[in-house]
Amino acid sequence: MTGDSIDATPARPPRRLHVLLLVLLPAVLQGAIVAAFGSRMFLWDEFFYVPAFREIGEGKPWLQWIWLQHNEHRIVWTKLLFLAHARFSGWNPMVEMYVSALLTALIAWGIWKLYRAAGPGHPAYFIPVALLLCSLAQYMNMLYGLMTCHYFTMAGMIWTLVFLLRRTWTALAAAIVCAFAALVSTLNAIVIAPVGLLVLVMTRQKPARWIVWSAAMLGCGYAYFRRYQRPGQIPAFDWSSAMAIRQAADTFLVNLGSPLSATDIMWSRALGLMTAGALVVLWLGVWRLGKRESHAGLVALSLIAVGSAAAVGIARSAGGAGTALESKYVIYSTLALVASYLGIACLPGLRARREILGGLTAMIGVGLMAANLVGFEQARAWQRDRRRANYFLQTIEMQPDDNLASIYVVPQLRDAAAYLRAARLGPFREPVDVLMAPRWREGLPTAPMTPGSSVRTHIVCPVDTLVDVGLVVAPPPGGTATGRVQVSVNAGGRVVGRRWIEAAGIHAIQYIRVDVVPPLHGCRGADLLVLATSDAPDAAGAVYSWTYPVYYAGVTRQGGRVIDQRSLGVAFNAFSYGLIE
Amino acid sequence: VIPRRRGVPRTARGARATAIGGLILVLLSTIACDRWRERFRLDNTHAHEPAPARTPLPDSGFLVRWGSHTVPLEMARGSSADARIAFTNVGGQSGPTGSRAIPATRSGGYAVRLAYDWTAASAETANTPRRRADLPHPMHPGETMTLLVPLDAPDQPGEYRITFELVQELVAWFSAKGAATLVVP
């Protein structure tokens, strides 16, 4: 899609259906991503709000939670949103993810309006923009309910610009409301104050409107920062250090290039340079061609991205430039590409415009493919991690602290889980039907499995529907296993699953998967027998299984002898649930 | 510059603003209403319990009701069988299990376990149970758990009874606190 074919089309108003499709495209794709990879499991910061629900249930005042700082942000709309839907959804963070998708439509609509304000650009130029807005480079924003706050901020800022371009006092009031709404979502929106003023100047609006805007922004700032507490975890930036400034500049550049870099830091630097180049072309083109009024919105959009990247550079460079690649920062830096691409598309008099647009289209096309491929893998890993965390949370009373430390601060987590379970909120609304050894560090090997010492465990089935069974096996220490290993699962006097594998293929401790076909419904409480046998001729070449502290009701025997007060390493439904691959 | 949308009448704009404002008001009032709060309130039957601590249970925690079992009435000498034992926590506390007991204590201090042993039928008092079965997870108040325990027939032929009871290691036998034991037959 270069400029030739598109620009040859005579300028005419785009059809409403096309506009609707372009605006809804990113929202629909984002909704599909949420449906495919979303999870009910909370992520770290969300546990912070469990006491809020408990206090509400106890009839205590709850309004202070709305204005309470969350790091440097206030995320007012996000909190109102989950407080509002929690009663109906059982506090399902997927609702917030879908709201993020809806807000993406609002964002796309706002950007479309800024694009149309810049000139009669062809609607086809908006397709890459629509795809950028829902790129999987932003998987974390899409799949984390609390990140709705960034979508509220973005929508608020973009619609502020849309309203500022209208020259009425009502529109100015609406712009101020939108700016305040964005600011009380995340502090990133602070950049809208100077950017909005620039829009008023570029569009040559009356000075009285500049004054009202500035006064309103000062008022918003005062309201926001009144009783503000500086978060302790953000170190102050050292402006006297050349190293710190260089690192911040590098982080800035990496952040600008992050939407297309597929998390590769070197590519991100290169793409950041290219994006910066495109921005310079846009700004110079707008200046020289006298398009300051028409392009004010898109220039402002680009400045939001630059301001956000600068803020990331200053506030987060201490953690290394790689921090700027985090998915949550991509949403803002995407605006740099969007603004420069759409802005240049609406600058017909710009020298070499078609070549620049062609280059940008190619860069966005290839970059989007790479970013989405990598983002797809990251989203899958994210989903896997969420499932694992969900399982740990729902079996929290069996889990050692080590397994929980990555989920939240452990004492608070144990307390929060007890409440969530009792109130059937969040992840506890849909109990997971899976079990595997929680205290795997305390595993002990059985004796070698030979024909005379097969392992047999009699179990009270701990899951409602049994889909698969996994048995831990390990090769002999320092040797190669010989023979074949069979694992069979019996229920109600019949074999419901069986698997043979060559022992020579067992090189490390692993699970042998046995599928139960068809799945055993109503399994909980029934008798199960898991039998593992090996035809290894001697102990030296025989595989082992492992036992763990008791985590299900059962009796394990090897060669007829009871292995007392230990559970054989059996995993129930762990494969189908995704805990084991 | 986006022109002002003259096509939208003032009344329509007013209605739109009222609708948005109304939506926010409905949102806030929904959150504030008592029915909404009800969803997050825990009544006494679902009382919020803290995670089981590594401490002795209070006296109200030493309560158990025995359910069904599959202890065989006859066993051949030298034979073994797995018996299902069901019991319910009728106390008001969750007890720590082996996984939440003090790891440094070999006996699993503070862990609640099922203890059992044979006693000759002719004996007047039951032997102190030596065998133990770990609970896989803490029992919540009102929860019923079914354990499998391995039974080995006594070496000497004769009539025996088997006694099951709960114990909090290094703290107390449940029977000493007034709880029932399960004696078969």
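Our subject in this report is the structure included herewith. (Residues numbered from 1 in each chain as written. Chains lettered and ligands numbered in written order. Predicted model: local features only at pLDDT ≥ 70, side-chain atom pairs only at ≥ 80, totals over all residues. Heavy atoms only, no water.)

With that out of the way, let us pick up a nonpolar patch on the surface. There is a patch of nonpolar side chains on the surface, built from L17, L20, L21, L24 and V28 of chain A and spanning about 480 Å² of accessible area. Here L17 of chain A shows up in helix α2 (residues 16-37). (Patch = residues over 30% accessible without salt bridge, like charges linked within 9 Å, V, L, I, M, F, W, Y side chains within 5 Å. Areas by Shrake-Rupley, 256 points an atom, 1.4 Å probe, with all protein chains shown as cover. Salt bridge = Lys/Arg side-chain N within 4 Å of Asp/Glu carboxyl O. Helix = DSSP H or I, 4+ residues; strand = E, 2+ residues; numbered from the N terminus.)

This part takes up the sheet that holds strand β10 (residues 561-563) of chain A. All names here are of chain A. Here six strands make up an open sheet; going across it, the order is β5-β4-β7-β2-β9-β10 and the pairing antiparallel. The two strands at the open ends of the sheet, each matched to only one other strand, are β5 (494-502) and β10. Averaged over neighbouring strand pairs, the angle between their axes works out to 20° when direction is ignored. Two strands pair when backbone bridges link them, and strand β4 (residues 484-491) and β5 are joined in this way by eight bridges, in the antiparallel orientation. Note on β5: the bridge partner recorded for V489 is G497. (Pairing = 2+ DSSP bridges. Axes fitted to C-alpha atoms, helices over the stretch in contact; angles between N-to-C directions.)

Turning next to the state of the cysteines. Residue and element names in this part refer to chain A. One pass over the full model with this rule turns up one disulfide over all chains. Covalently, C461 is tied to C523 through a disulfide, its sulfur atoms 2.1 Å apart. Because the torsion about its S-S bond is 115°, the bridge between C461 and C523 counts as right-handed. Pair noted here: C461 is in the loop between β2 (455-460) and β3 (466-474) and C523 is in the loop between β6 (510-520) and β7 (527-534), with a separation of 62 residues, a long-range link. Residue classification places C461 among the buried positions, given a relative accessible area of 2%. For C523, a relative accessible area of 1% corresponds to the buried category. We note that C149 lacks a disulfide partner, and the nearest cysteine sulfur, in C178, lies 17 Å from it. Assessed through its relative accessible area of 5%, C149 is described here as buried. Between C178, a free cysteine, and C220, which holds the nearest cysteine sulfur, the sulfur-to-sulfur gap is 11 Å. Using a relative accessible area of 16% as the deciding quantity, one classes C178 as buried. (Disulfide = S-S within 2.5 Å. Buried < 20%, exposed > 50% of the residue type's maximum accessible area, 1.4 Å probe, protein only.)

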